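Understanding the architecture of this molecule
For reference, the chains in residue letters:
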Amino acid sequence: MDDWIEAGATAMMSFFAPRSPADPAQVSRIKAWAQELLATDPAVPMLVTELRCTEPGCAPLETVIALLGVPGGTVQYTVHKPLSDVCRDDLVGLRPKGR
């Protein structure tokens, strides 16, 4: 029983462990690629972030691009790899999540 509790605590700690900050230059590159390839208006606020994915079969880290304040609500795109590994080609043909 103690092993199970210890294993659970370790998993919990790693789940909440602080992540290293995103590289601002990489975030800027992804935003520029998104504006170009997704044909977004530069005035539309864009959020680029890296999230842990907990769904079965999902990559441990994924990059989310969200367009805020667009008609119909926020539009979200997901690249199933860490932010640091995203390249321009990953955004080619990207489709919004849930639309």
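Residues numbered from 1 in each chain as written. Predicted model: local features only at pLDDT ≥ 70, side-chain atom pairs only at ≥ 80, totals over all residues. Heavy atoms only, no water.

1. Structural notes on the state of the cysteines
Applying the stated criterion across every chain, the model contains one disulfide. Covalently, Cys53 is tied to Cys58 through a disulfide, its sulfur atoms 2.0 Å apart. Every disulfide takes its handedness from the sign of the S-S torsion; for Cys53 and Cys58 that torsion is 120 degrees, giving right-handed. (Disulfide = S-S within 2.5 Å.)

2. A word on the pairing of strand E2 (residues 61-67)
Burial within E2 is extensive, with six of its seven residues counted as buried. Inspection of the sheet shows strand E1 (residues 46-52) paired to E2 by seven bridges, in the antiparallel sense. Considered in E2, the bridge of Val48 is made with Ile65. By the bridge criterion, five bridges tie E2 to strand E3 (residues 75-79) in an arrangement that is antiparallel. (Buried < 20%, exposed > 50% of the residue type's maximum accessible area, 1.4 Å probe, protein only. Helix = DSSP H or I, 4+ residues; strand = E, 2+ residues; numbered from the N terminus. Pairing = 2+ DSSP bridges.)

3. Topic: the sheet that holds E1
Taken in spatial order, the three strands make up an open sheet running E1-E2-E3, and their pairing is antiparallel. Of all strands in the sheet, those bounded by a partner on one side alone are E1 and E3. When strand polarity is set aside, the average angle formed by the axes of neighbouring strands in this sheet is 25 degrees. Docked against the sheet, helix H2 (residues 24-37) engages E1 and E2, running at close to 120 degrees with respect to E1. (Axes fitted to C-alpha atoms, helices over the stretch in contact; angles between N-to-C directions. Contact = heavy atoms within 4.5 Å.)

4. What about the environment of Tyr77?
For Tyr77, the position within the fold is in strand E3. On a C-alpha basis, the gap between Tyr77 and Pro96 in space is 4.8 Å, while along the polypeptide they are 19 residues apart.

5. Let's talk about the side chain of Glu62
With respect to the secondary-structure elements, Glu62 resides in strand E2. For the buried Glu62, which has no salt bridge, the nearest side chain bearing the opposite charge is Lys97, at an N-O separation of 5.1 Å. Reaching out from Glu62, the side chain makes a polar contact with the side chain of His80 at a distance of 3.4 Å. Ignoring any residue separated from it by four or fewer positions in sequence, one finds Glu62 in contact with Thr49, Glu50, Leu51, Cys53, Thr78, Val79, His80 and Lys81. (Lys, Arg positive; Asp, Glu negative; His and termini not counted. Salt bridge = Lys/Arg side-chain N within 4 Å of Asp/Glu carboxyl O. Polar contact = N/O pair within 3.5 Å; in protein donor to acceptor, adjacent residues only side chain to side chain.)

6. A closer look at H2
With 14 residues, H2 should reach 20 Å at 1.5 Å per residue; the first-to-last C-alpha distance of 20 Å fits that figure. Among all positions in H2, only Gln26, Val27, Ile30, Trp33 and Ala34 are buried. Buried residues of H2, viewed axially, fall in a sector of 125 degrees; they line one side. Where H2 starts, the residue carrying a side-chain oxygen 3.1 Å from the main-chain nitrogen of Ala25 turns out to be Asp23. Backbone geometry just downstream of H2 places Ala39 in the positive-phi region, at approximately 55 degrees. (Expected span 1.5 Å × (residues − 1). Arc of directions from axis to C-beta.)

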